Amino acid sequence: MNQWWIAIIAIIVAPIIGGFLAGIDRKITARLQGRYGPPIVQPFYDFFKLLGKSRIATSRMQFVWIYGYLVFMITCVVFLVLKLDLLLLIFLLGFAGISFVLGGFSSKSPYSHFGANRELMQILSYEPVLLLMALGVYAQNGSFMISEIMKPGAAPLLPSLWPIFIAVLLVLTIKLRKSPFDLSTSHHGHQELVKGIMTEFSGPYYALINLTEWYEIVLVLGIVALFWANPLWVGIIIALAAFVLELIIDNIAARMTVGWMVKFTWAVGLVLCVLNIAYLYLIKGGA
Amino acid sequence: MGIINTSRIKSPWIMHFDNSSCNGCDIEVLACLTPLYDVERFGIVNMGNPKHADVLVVTGPVNRRTARVLKNLYAQIPDPKMVIAVGTCACSGGVFHNCYNILGGVDKVIPVDVYVPGCAAKPEAIIDGVVLALQKLSKALGVAK
Ligand code: SF4
């Protein structure tokens, strides 16, 4: 019964936190660009306004995939707060990403297809890193369970897994859709091709995508916080610091190409992960 | 539904369409987005996609070719939507009014809610136009403002 309550509270509170983080994001970004910026609650205004717009359908399947994206993302958040299996969480996150891609592919617009292809390349870039992160956690703890990471008295992961942490920061940039990796859709450049996958989503369905993005922010920051789960507040501070770091990188970096993103995350992210795991297994003798 | 109506006033996303203006008004529209005027303060975001937009900002006189495009864009914006004609050309045809290819102001093709005159319309006037459009919308929705 207790578990149910935790899950329900997480489902309600996560988008509120995510929405405020998105508002802080817009405010800080505006300040970094020398502008005043919208109020912190602006994402909520946008969300409710979009809910009230009329529905324009371009394809029926699109909506099925959008609900799939939302439901899988919520499931991931529930997995995180109930401290279940990290490996399963990462596969569910993959499902969520694929639902979004199929949503993009389900209309005929070439821009939408372009965006969906790019989103696919993003998944190709971050999913292996996340899988290796789970493997690194296994090498350290001997278990994929998040409850094992958060067990009282368990040593923080960051000191032994810091190369993987750097790789996860790369994933964070991709997942938060920040420069240099905001390729399939972006929070800036509304007139450009980078808004591709959003082209055919409008009104309430666009609002649902925003909602899913808020869950996503909380989820990925939660994964970052796992690196220092004892005491958890240190992890949360690390996650918030990572968030601010992403905003600064977003504003000083230019957008790179898709090919560059895949090469960079594989060459840097995967190598860091593999070296980290190899060190844990070969030098320290494994779990 | 109160919160949705309030949000409609607080988050107008605009889409800018250039019919056949001399580009004077377009530059003024874009100037509104710069740090000096920063319309994002009011939640105004310049969208490139009619499916995400609430307010259609049109510059320049309608000619025979752009009339079709304009109608199409207007149809693609989900309700509720507003149209703002920016610049004398968009209001009435302006200096181009009796050219052989010009139909006249934007209101010859789609219903216009707010006219912002000026050649070119100043950024302040454009922001004022958006505010006026929002007041009109809030009156129509019955939200006290
Ligand atoms: S109103 Fe003046 S500045 Fe604007 S498009 Fe017409 S001629 Fe150009």
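So, here is what we can say about the structure in this document. For every chain, the first residue of the written sequence is number 1, and numbering continues from 1 along that sequence. Each chain gets a letter, beginning with A, and each ligand a number, beginning with 1, in the order they are written. Two thresholds apply to this predicted model, a pLDDT of at least 70 for residue-level local features and 80 or more for giving and counting side-chain atom pairs, whereas whole-chain, interface and lining totals are computed over all residues. Note: side-chain values were computed over all heavy atoms of the structure, leaving out hydrogens and water.

### As for the pairing of strand β1 (residues 13–18) of chain B
Along a regular strand, successive side chains alternate from one face of the sheet to the other.
All names here are of chain B.
Line of reasoning, step 1. Across three bridges, the pairing between β1 and strand β2 (residues 45–47) is parallel. Bridge pairing in β2 links Met-15 to Met-47.
Line of reasoning, step 2. When the strands point away from the viewer and the connection leading from the first strand across the helix to the second strand turns clockwise, the crossover is called right-handed. Secondary structure counts use DSSP, requiring at least four H or I residues in a row for a helix and at least two E residues in a row for a strand, with both numbered from the N terminus. With helix α2 (residues 24–31) bridging β1 and its parallel neighbour β2, the resulting β-α-β unit is right-handed.
Line of reasoning, step 3. Taken together, the five bridges between β1 and strand β3 (residues 55–59) define a ladder with parallel strand orientation. Whether two strands pair depends on DSSP finding at least two bridges between them.

### Brief notes about the sheet that holds β1(B)
Residue and element names in this part refer to chain B.
Line of reasoning, step 1. Strand order across the open sheet formed by five strands is β2-β1-β3-β5-β7, with parallel pairing between neighbours. Only two strands of the sheet have a single partner each, and these edge strands are β2 and β7 (114–116). Strand-to-strand twist across the sheet, computed as the mean angle between neighbouring axes with direction ignored, equals 30 degrees.
Line of reasoning, step 2. Against the sheet, helix α3 (residues 66–76) makes contact with β1, β3 and β5 (82–86), and its axis sits at roughly 170 degrees relative to β1, the strand it touches most. Note on geometry: axes are C-alpha line fits, over the in-contact stretch for helices, and angles between N-to-C directions span 0 to 180 degrees. Any two residues whose heavy atoms approach within 4.5 Å are treated as being in contact.

### Describing the packing of aromatic side chains
Line of reasoning, step 1. In summary, the pairing rule links any two rings of Phe, Tyr or Trp, Trp by its six-membered ring, whose centres are within 6.5 Å, and it sorts them by plane angle into stacked for under 30 degrees, edge-to-face for over 60 and tilted for everything else. With the rule as written, the count across this model stands at 14 aromatic pairs over all chains.
Line of reasoning, step 2. Plain terms: the ring middles of A:Tyr138 and A:Phe144 are 4.8 Å apart, the flat faces sit at 25 degrees to each other, and that makes the pair stacked.
Line of reasoning, step 3. Look at A:Phe165 and A:Phe227: their rings are 5.2 Å apart centre to centre, the planes differ by 70 degrees, and that puts the pair in the edge-to-face class. Taken together, the residues span a long stretch of sequence, with A:Phe165 in helix α7 (residues 158–175) and A:Phe227 in the loop between α8 (203–225) and α9 (232–252) at a distance of 62 residues.
Line of reasoning, step 4. Whether a residue is buried, partly exposed or exposed follows from its accessible area with a 1.4 Å probe, protein chains only, as a fraction of its type maximum: under 20%, in between, or over 50%, in that order. Of the residues examined, A:Phe165 reaches a relative accessible area of 13% and is grouped as buried.
Line of reasoning, step 5. Here A:Phe227 falls in the buried class, since its relative accessible area comes to 2%.
Line of reasoning, step 6. The side chain of A:Lys27 reaches across the aromatic face of A:Tyr36, ending 4.3 Å from its centre.
Line of reasoning, step 7. Sitting over the face of the ring of B:Trp13, A:Lys49 holds its NZ or CZ atom 3.6 Å from the ring centroid. Two limits define a charge over a ring: the Lys NZ or Arg CZ must be within 6 Å of the ring centre, and within 35 degrees of the ring normal.

### Topic: the packing of helix α1 (residues 2–32) of chain A against α8(A)
Residues and elements named next belong to chain A.
Line of reasoning, step 1. Contact geometry for α1 and α8: axes closest at 8 Å, N-to-C directions at 90 degrees. Here α1 lies roughly perpendicular to α8, going by the angle between them. The segment α1 lies against α8, with Ile-11, Ala-14, Pro-15, Ile-17, Gly-18, Gly-19, Leu-21 and Ala-22 engaging Leu-211, Trp-214, Tyr-215, Ile-217, Val-218 and Leu-221.
Line of reasoning, step 2. Just so you know the grouping, Ala, Val, Leu, Ile, Met, Phe, Trp, Tyr, Cys and Pro go in nonpolar, Asp, Glu, Lys and Arg go in charged, and all remaining residues, Gly too, go in polar. Each residue belonging to the contact of α1 with α8 can be placed in one class, and the counts come to 12 nonpolar, two polar and no charged. Oblique is the label for every angle not falling under 35 degrees (roughly parallel), over 145 degrees (roughly antiparallel), or within 65 to 115 degrees (roughly perpendicular).

### Description of helix α5 (residues 110–141) of chain A
Residues and elements named next belong to chain A.
Line of reasoning, step 1. Here the expected span of a helix is defined as 1.5 Å times the quantity of residues minus one. Taking 1.5 Å per residue as the helical rise, α5 with its 32 residues ought to reach 46 Å, and the 46 Å between its terminal C-alpha atoms agrees with that figure.
Line of reasoning, step 2. N or O atoms within 3.5 Å of each other form a polar contact, as long as, within protein, one can give a hydrogen and the other can take it, and as long as residues adjacent in sequence are counted only when both atoms are side-chain atoms. Put simply, Ser-109 is the residue that caps the front of α5, since its side-chain oxygen is 3.2 Å from the backbone nitrogen of Tyr-111.
Line of reasoning, step 3. At the C-terminal side of α5, Gly-142 shows a positive phi close to 75 degrees.

### What about the pattern of salt bridges?
Line of reasoning, step 1. We define a salt bridge as a side-chain nitrogen of Lys or Arg found within 4 Å of a carboxyl oxygen belonging to Asp or Glu. The full count for this structure, using the stated rule, is 16 salt bridges over all chains.
Line of reasoning, step 2. Here A:Lys178 makes a salt bridge to A:Asp25, at a shortest N to O gap of 2.6 Å. Separated by 153 residues along the polypeptide, A:Lys178 in the loop between α7 and α8 and A:Asp25 in helix α1 bring together distant segments of the chain.
Line of reasoning, step 3. The class of A:Lys178 is buried, set by a relative accessible area of 1%.
Line of reasoning, step 4. Among the ionic pairs, A:Arg35 bridges to B:Glu40, the shortest N-O distance being 2.5 Å. In this pair, A:Arg35 is assigned in the loop between α1 and α2 (42–51) and B:Glu40 in the loop between α2 and β2, connecting two distinct chains.
Line of reasoning, step 5. Here A:Arg35 falls in the buried class, since its relative accessible area comes to 13%.
Line of reasoning, step 6. With a relative accessible area of 14%, B:Glu40 lands in the buried category.
Line of reasoning, step 7. Within this structure, A:Arg26, A:Arg35, A:Asp46, B:Asp38 and B:Glu40 form a network of salt bridges that share partners.

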